[in-house]
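Below are the chains, spelled out letter by letter.
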Amino acid sequence: MNPRPDVFLISIDCLRPDYVGAFNRLSRLTPTLDRILERGAVFTNAVSHAPFTTPAVASLLTGRYPFQTGVRLLLGQVCDPETTTVADAAKRAGYVTAGFPSSFILNSTTGLARGFDEYRDIDDGHFSARGGCWQGGAPLNAALDGFLAAAGCDPVFCWLHYFDLHEYHTDASAPPQSTYTRDLRDKIDAVCIRNLLAILEKHDRMRRAAFIVTADHGECLFQHGVRGHGQHLFDSVLRVPLGIYWPDGEFARHRVIAHQARHIDVLPTLMDFWDLDRDRRLPGESLLQLCAANSRKESVSYAEASPRQLFEGNTAEVRSFQGPEIQALRTDRHKFIRHDDGRIELYDLSADPNEFCNLLTNACGGSSRIAATLSEKLDALSGESPPRGATQPMSTEEASIVRERLRRLGYVSEFATMGVHSTR
Ligand SMILES: [Zn+2]
């Protein structure tokens, strides 16, 4: 008898919650995804910890903030070797584990393959027709199909990262909103997710399947004047969809939970489901208690970004980490943002969810006090652990390959046209 439900952790690159039907009933773009999400708990105020794929995924998979994993840029860093991953926890719980990362920036050189029995790196020509950059959902699902066939009756934990929505970046033929919605409807929902469910049915794993569905980060579709992700820490890029469906018992059926939930909470939640002892070093908390009580003490979430360190102007020079350029602390009510040039911002998310009105521009005493408190908390939190991890050395030839791959992903031209350059 299989004592555990199979668990599928699904992250969809760039997916904004307000484009998903389960989070916004006016959206009709994601009927297949909604069928999974609406059966369980939907967290309408969930956040990521970085607006770039690699650090965001590292935090999701390890339950730790970027300054704890050491993965703080898009490329060139290795996760702290002492950091355990969600796959390590799954192994302890008795699962056979597999990771399907979809993009070369998440290859096992990042250290994120730790704990996975099988991890499908993206190699030149093997899985992708796009220059070894990334693979679409169809080959990813085919690889999952093969893995499930080999797994037999063992319970499985699978992490699947779908990258197809990212491709809208490279389509300059139509306005970004229309290409984004088209790709979400036609590629993610109608192909990636629908085929995934068909494969689970084929292997008779749908009845006992648990799902955690989220995104690595959101996407800025010209809110705050830019398109894409990585340039700032506003909610358009930090807010993510998060839904949990667990087949056992009566766990949070059809529940909508508005309290802040964080990516660092996902690993403690899974450990709670699996009855594993709580790891006191993890900064997150299980969301099971939040689901049960629908309340929690004030939740604080950290995020950071370093857009200038992505590239040296228009060339892909991967550099050593110079410290975060933007840091943010987000509570259920406020967002405090601090830049490395000394600028600070404070937003009241309940009154100003789009973060247009910096309360510190004409600061009253109350706003200044809140900003000072959050600034102290930010120092205390990010200063508590020294940054760990190592930098991957990269030759000139490798850097040139990386630059071409990033161009194919839409990054280089995107950042170049946005004027994000080094200030060396
Ligand atoms: Zn991403």
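Brief notes about the overall build of the chain
No. 1: Within the chain one finds 12 helices and 17 strands.
No. 2: Looking at the 424 residues of the chain, the share that counts as buried comes to 51%.

Quick notes on the nonpolar core
Among soluble globular proteins, nonpolar side chains are generally buried collectively.
No. 1: In terms of nonpolar packing, the biggest core is built from 115 residues, with Leu-160 and Phe-211 touching the most fellow members.
No. 2: Among the elements that take part in this core, helix H6 (residues 176-202) stands out by supplying seven residues, more than any other.
No. 3: Mapped onto the domain boundaries, this core takes at least three residues apiece from domain 1 (6-297) and domain 2 (302-417).
No. 4: Setting aside anything within four residues of it in sequence, one finds Phe-211 in contact with Phe-8, Ile-10, Ile-36 and Tyr-245.

Here we look at the sheet that holds strand E16 (residues 344-348)
No. 1: In space, the four strands of this open sheet follow the order E13-E14-E15-E16, with antiparallel pairing throughout. Sheet topology places strand E13 (301-305) and E16 at the edges, where each strand pairs with a single neighbour. The mean inter-strand angle of the sheet, taken between neighbouring strand axes irrespective of direction, is 15 degrees.
No. 2: Across five bridges, strand E15 (residues 334-339) lies against E16 in antiparallel orientation. Across the sheet, Phe-336 pairs through a bridge with Leu-346, a residue of E16.

Concerning the environment of Gln-135
No. 1: Along the chain, the position of Gln-135 falls in the loop between strand E5 (118-119) and helix H5 (137-151).
No. 2: Taking the C-beta count within 10 Å as the criterion, Gln-135 has 26 such neighbours and is therefore assigned buried.
No. 3: Measuring from C-alpha to C-alpha, the distance between Gln-135 and Ser-102 comes to 5.2 Å, with 33 residues separating the pair along the chain.

Notes on helix H8 (residues 266-273)
Note: α-helices contain 3.6 residues per turn, so residues at a spacing of three or four share the same orientation.
No. 1: By the criterion of burial, H8 is predominantly enclosed, with seven of the eight residues buried.
No. 2: Where H8 is buried, its residues meet helix H2 (53-62), helix H4 (86-92), strand E7 (209-214) and helix H9 (287-293).
No. 3: Remark: Asp-275 follows H8 within two positions and exhibits a positive phi of approximately 55 degrees.

A few points about the packing of H5 against H6
No. 1: One can describe the packing of H5 onto H6 by two numbers: an axis separation of 10 Å at closest approach and a directional angle of 10 degrees. Compared by their axis directions, H5 and H6 come out roughly parallel. Across the interface between the two elements, Gly-137, Ala-138, Asn-141, Leu-144, Asp-145 and Leu-148 of H5 pack against Lys-187, Val-191, Cys-192, Asn-195, Leu-196 and Ile-199 of H6.
No. 2: Each residue belonging to the contact of H5 with H6 can be placed in one class, and the counts come to seven nonpolar, three polar and two charged.

Points about the confidence of the model for the chain
No. 1: With 85% of its residues at a pLDDT of 70 or more, the chain shows a mean pLDDT of 86.
No. 2: Confidence drops under a pLDDT of 50 for residues 312-316, and excluding neighbours within four residues, the segment shows 14 contacts in the predicted structure.
No. 3: The low-confidence segment residues 413-424, where pLDDT is below 50, has 17 contacts with residues more than four positions distant or belonging to other chains.

Let's talk about the environment of Gly-70
No. 1: Tracing the chain through its elements places Gly-70 in the loop between helix H3 (66-69) and strand E3 (77-78).
No. 2: In this structure Gly-70 comes out as buried when scored by C-beta crowding, with 24 C-beta atoms within 10 Å.
No. 3: C-alpha of Gly-70 to C-alpha of Phe-321: the two residues are 251 residues apart in sequence and 9.5 Å apart in space.

So, the pairing of E7
No. 1: Most of E7 is tucked away: six of the six residues are buried.
No. 2: Judged by which residues are buried, E7 turns out to be covered on both faces: Ala-209, Phe-211 and Val-213 on one side and Ala-210, Ile-212 and Thr-214 on the other are all buried.
No. 3: In the sheet, strand E1 (residues 6-12) pairs with E7 via six bridges, with the strands oriented parallel. The residue bridging Ile-10 from the neighbouring strand is Val-213, located in E7.
No. 4: With four bridges connecting them, E7 and strand E10 (residues 239-245) associate as antiparallel partners. Bridging from a neighbouring strand, Thr-214 pairs with Leu-242 of E10.

Remarks on H5
No. 1: For H5, which comprises 15 residues, the first-to-last C-alpha distance of 21 Å matches the rise-based estimate of 21 Å (1.5 Å per residue) to within 8%.
No. 2: Inspection of H5 places Gly-137, Leu-140, Asn-141, Leu-144, Phe-147, Leu-148 and Ala-151 among the buried residues, and these make up the whole buried set. Projected down its long axis, H5 carries its buried residues within an arc of 115 degrees, all on one side. In H5, those exposed residues whose orientation departs by more than 90 degrees from the buried face are Ala-149 and Ala-150.
No. 3: Looking at the buried side of H5, the elements it contacts are strand E4 (96-100), E5, strand E6 (156-162) and H6.
No. 4: The positive-phi residue at the C-terminal boundary of H5 is Gly-152, with phi of around 60 degrees.

Focus on unusual backbone geometry
No. 1: Look at Cys-14: it is not a glycine, yet its phi comes out positive at around 70 degrees.
No. 2: Assignment of secondary structure puts Cys-14 in the loop between E1 and helix H1 (31-37).
No. 3: Overall, Cys-14 belongs to the buried group, with 29 C-beta atoms counted inside 10 Å.
No. 4: In this structure, Glu-355 is a non-glycine residue whose phi angle is positive, near 55 degrees.
No. 5: Positionally, Glu-355 belongs in the loop between E16 and helix H10 (365-382).
No. 6: Under the C-beta neighbour-count criterion, Glu-355 is labelled buried, with 20 such atoms within 10 Å.

Describing the pairing of strand E14 (residues 326-330)
No. 1: Summarising burial for E14: five of the five residues are buried, a large majority.
No. 2: The side-chain alternation of E14 yields two buried faces, one formed by Ile-326, Ala-328 and Arg-330 and the other by Gln-327 and Leu-329.
No. 3: Where E13 and E14 come together, five bridges link them in antiparallel fashion. Each residue of the ladder has a partner; that of Ala-303, found in E14, is Ala-328.
No. 4: In this sheet, E15 lies alongside E14 in antiparallel orientation, the contact comprising five bridges. Looking at the pairing, Gln-327 lines up with Arg-338 of E15.
No. 5: Counting the residues in the hairpin turn of E14 and E15 gives three residues.

Cut-offs used in this document
- Residue numbers run consecutively from 1 along every chain, following the written order of its sequence.
- Per-residue local features are limited, in this predicted model, to residues with pLDDT of at least 70; the limit for side-chain atom pairs, both in listing and counting, is 80 or more; totals at the level of whole chains, interfaces and linings are taken over all residues.
- To qualify as a helix, a DSSP run of H or I must reach at least 4 residues; to qualify as a strand, a run of E must reach at least 2; elements of each kind are numbered from the N terminus.
- Residue burial is a threshold on neighbouring C-beta atoms within 10 Å of the residue's own C-beta, all placed from the backbone, with 20 or more meaning buried, 12 or fewer meaning exposed, and counts in between meaning partly exposed.
- Residues enter a nonpolar core if they are buried, belong to Ala, Val, Leu, Ile, Met, Phe, Trp, Tyr or Cys, and are joined to the set through C-beta atoms within 7 Å.
- In this entry, domain limits derive from an automatic or database-based domain assignment.
- Any two residues are considered in contact once their C-beta atoms, placed from the backbone, lie within 7 Å.
- Pairs of strands are assigned from DSSP output, requiring at least two bridges between the strands.
- Working convention: axes come from line fits to C-alpha atoms, limited for helices to the stretch in contact. Angles between N-to-C directions cover 0 to 180 degrees.
- For classification purposes, an angle smaller than 35 degrees is called roughly parallel, one larger than 145 roughly antiparallel, one from 65 to 115 roughly perpendicular, and anything else oblique.
- Residues were grouped as follows: Ala, Val, Leu, Ile, Met, Phe, Trp, Tyr, Cys and Pro as nonpolar; Asp, Glu, Lys and Arg as charged; and all remaining residues, including Gly, as polar.
- Confidence per residue, as judged by the predictor, is encoded in pLDDT with a range of 0 to 100.
- In a helix, the anticipated span is given by 1.5 Å times the number of residues less one.
- Arc definition: it is the arc formed by the directions from the helix axis to the C-beta atoms.

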